[in-house]
Amino acid sequence: MLRIAVPNKGSLSGAASAMLHEAGYQQRKESKELVLVDPENEVEFFYLRPRPSRAAGHVR
């Protein structure tokens, strides 16, 4: 089974969900779901919060 990390929040979240929906993958029903298994396509999605990139000038 293929495992894919998807942004849970932020500017990329909506675009990623739309792209996966257009590709025919199952979508989560509630935004609080953090793991979704799509057995038909043999894919497991993990919805994660994106971490700031150090290259973008963010410092932790």
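Residues numbered from 1 in each chain as written. Predicted model: local features only at pLDDT ≥ 70, side-chain atom pairs only at ≥ 80, totals over all residues. Heavy atoms only, no water.

A. Fine view of the sheet that holds strand 1 (residues 2-7). As summarised here, the arrangement of the three strands in space is 1-3-2, forming an open sheet in which the pairing is mixed. Both outer strands of the open sheet, strand 1 and strand 2 (35-38), are each paired with one neighbouring strand and no more. On average, each strand axis in the sheet is tilted by 20° relative to the strand beside it, whichever way the strands run. Where helix 1 (residues 11-22) meets the sheet, its contacts fall on strand 1 and strand 3 (43-48), and the angle it forms with strand 1 comes to roughly 140°. (Pairing = 2+ DSSP bridges. Helix = DSSP H or I, 4+ residues; strand = E, 2+ residues; numbered from the N terminus. Axes fitted to C-alpha atoms, helices over the stretch in contact; angles between N-to-C directions. Contact = heavy atoms within 4.5 Å.)

B. Highlighting the pattern of salt bridges. Enumeration over the complete set of coordinates arrives at one salt bridge. Between Glu44 and Arg3 there is a salt bridge; the shortest N-O distance is 3.3 Å. Of this pair, Glu44 sits in strand 3 while Arg3 sits in strand 1, placing them 41 residues apart in sequence. For Glu44, a relative accessible area of 15% gives the class buried. On the basis of relative accessibility, which here comes to 62%, the residue Arg3 falls in the exposed class. (Salt bridge = Lys/Arg side-chain N within 4 Å of Asp/Glu carboxyl O. Buried < 20%, exposed > 50% of the residue type's maximum accessible area, 1.4 Å probe, protein only.)

C. The arrangement of the side chain of Ser13 in detail. If you trace the backbone, Ser13 turns up in helix 1. By relative accessible area, which is 12% here, Ser13 ends up buried.

D. Quick look at helix 1. Among the residues of helix 1, those classed as buried are Ser13, Ala16, Ser17 and Leu20. Summarising the axial view, the buried residues of helix 1 lie within an arc of 100°, below the 170-degree limit, and thus occupy one face. More than 90 degrees from the buried face of helix 1, the exposed residues found are Ser11, Met19 and Glu22. On its buried face, helix 1 is in contact with strand 1 and strand 3. Within two residues after helix 1, Gly24 carries a phi angle of roughly 95°, on the positive side. (Arc of directions from axis to C-beta.)

E. Representation of the packing of aromatic side chains. Tallied over the full model, the rule gives one aromatic pair. With centroids separated by 5.5 Å and ring planes inclined at 80°, the aromatic side chains of Tyr25 and Phe45 adopt a geometry described as edge-to-face. One end of the pair, Tyr25, is in the loop between helix 1 and strand 2; the other, Phe45, is in strand 3, with 20 residues separating them in the sequence. We classify Phe45 as buried; its relative accessible area is 0%. It is Arg28 that lies over the ring of Tyr47; its NZ or CZ is 3.9 Å from the centre. (Phe/Tyr/Trp six-rings, centres within 6.5 Å; stacked < 30°, edge-to-face > 60°. Lys NZ or Arg CZ within 6 Å of the ring centre and 35° of its normal.)

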